[in-house]
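# Remarks on the overall topology
The residues making up each chain are set out below.
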Amino acid sequence: MSSLSRAQSTDAIAGPETTQSESLDLKIPPSVPETAFSGSRSRLVLAVQVMLDRSRHSPGVIDGLMGGNTMRAIQHFRRARGLPAEGSIDPQLMRSLINSQGGEIFQTYTITRDDVDGPFFRVPDAMSAMAALERVGWTSPQELIADRFHMDQDLLRALNPEADFSRVGTRITIVAHREETLPSQVARIEVRKSDNSVVAFDERGNILASYPATVGSAQFPSPSGSMEVVAVAPDANYTFDPSGREWGPDETLIVPPGPNNPVGGIWIDLSNPGYGIHGSPDPQLIGKTASHGCVRLTNWDAKELADAVRQGTRVVFANQAGGAS
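Below is a short write-up of the structure.

### Here we look at the layout of surface pockets
The volume enclosed by the second largest pocket comes to roughly 410 Å³. Together, 18 residues line the second largest pocket, and Trp-138, Asp-147, Ile-266, Asn-299 and Lys-303 are the ones closest to its centre. Going through the elements one at a time, helix H6 (141-148) and helix H8 (299-306) are the ones with two or more residues in the lining of the second largest pocket. Counting residues per element, the lining of the second largest pocket draws most heavily on H8, which supplies 4 residues. Looking at the lining of the second largest pocket, its residues break down into 7 nonpolar, 4 polar and 7 charged.

Following this line, the structure appears as structure tokens:
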């Protein structure tokens, strides 16, 4: 049985087709206050997000809130498991998630010297000021830890309201996230404009992973058709060239690497010049805002994908599953 560890809960889901071993006992650790799940934040949604993340159908930021990215991840998981795609959180979904991705939802983590030593940076909004930094790094230990475990910073703080994230030895509650390594090389990437998602396939056409994405905008649409991966930069700077652009500063700027630069420090370069798949300094906004034509993922999803592609990996921009635009 998968559990959230002790205390009482009313969010458990079960149905007539759900056995005792397949039900989800939604409990929380005693150190976590009940207020952590007040308002719209749900134990059940949190557990589903954690199991989806383990299944490599990423919900984006794990925050315990039901939204478009979580629903897209549910639909991708359901299709991959042969379940009706139109369903949401029902006994069929829970049975499949628990049987394939069950286990503890929370774990305890002890903050280390590497977590608190930094360096940390005050990241300005203006790109010109950002370009003057030595690195566009983490702003705090809390941000670093939240990103590492795929968590929303507000959730991390809600689970640990009294924690000092800057003190070595502090024990905190985090979600039990997955390893960021795909089981095999990615042979093809499909960027699905219709539902703001990126799907990775192996050489046999099996789905390896799906990720929520920000894919262009009406003003700056993403490219169309098929292209290839040219190169991967796992700690990329960001070069802004104002030529031909209707946005941004009027000078060429090079913003140094780091997780808070405009591409999240991760860049998968595509054969259409100027376009790529990259990370983001604002993971909570993935799939909810527009981009300037490129494809944005959370930093952890971008890293996982970047580590599994190589020069020549095919990338198809599709209006819907399986069809090039």
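Now that the structure has been shown, we can carry on.
### Things to note about empty space enclosed by the protein
For the structure on display, the rule yields 1 cavity of 30 Å³ or more. Computed from the structure, the largest cavity encloses a volume of approximately 30 Å³. Every residue lining the largest cavity is listed: Ser-58, Asn-69, Arg-72, Ala-73, His-76, Ser-197, Ser-210, Tyr-211 and Pro-212. Secondary structure elements with two or more residues in the lining of the largest cavity: helix H2 (68-80) and strand S7 (207-212). Counting residues per element, the lining of the largest cavity draws most heavily on H2, at 4 residues. Tallied by class, residues from the lining of the largest cavity come to 3 nonpolar, 5 polar and 1 charged.

About the criteria used
- Residues numbered from 1 in each chain as written.
- Predicted model: local features only at pLDDT ≥ 70, side-chain atom pairs only at ≥ 80, totals over all residues.
- Heavy atoms only, no water.
- 1 Å grid on protein atoms, 1.4 Å probe; cavity = no way out; pocket = protein on both sides within 12 Å on 5 of 7 lines; lining within 4 Å.
- Points joined across faces, edges and corners; volume = space filled by probe spheres on them.
- Helix = DSSP H or I, 4+ residues; strand = E, 2+ residues; numbered from the N terminus.
- Nonpolar A, V, L, I, M, F, W, Y, C, P; charged D, E, K, R; others polar.

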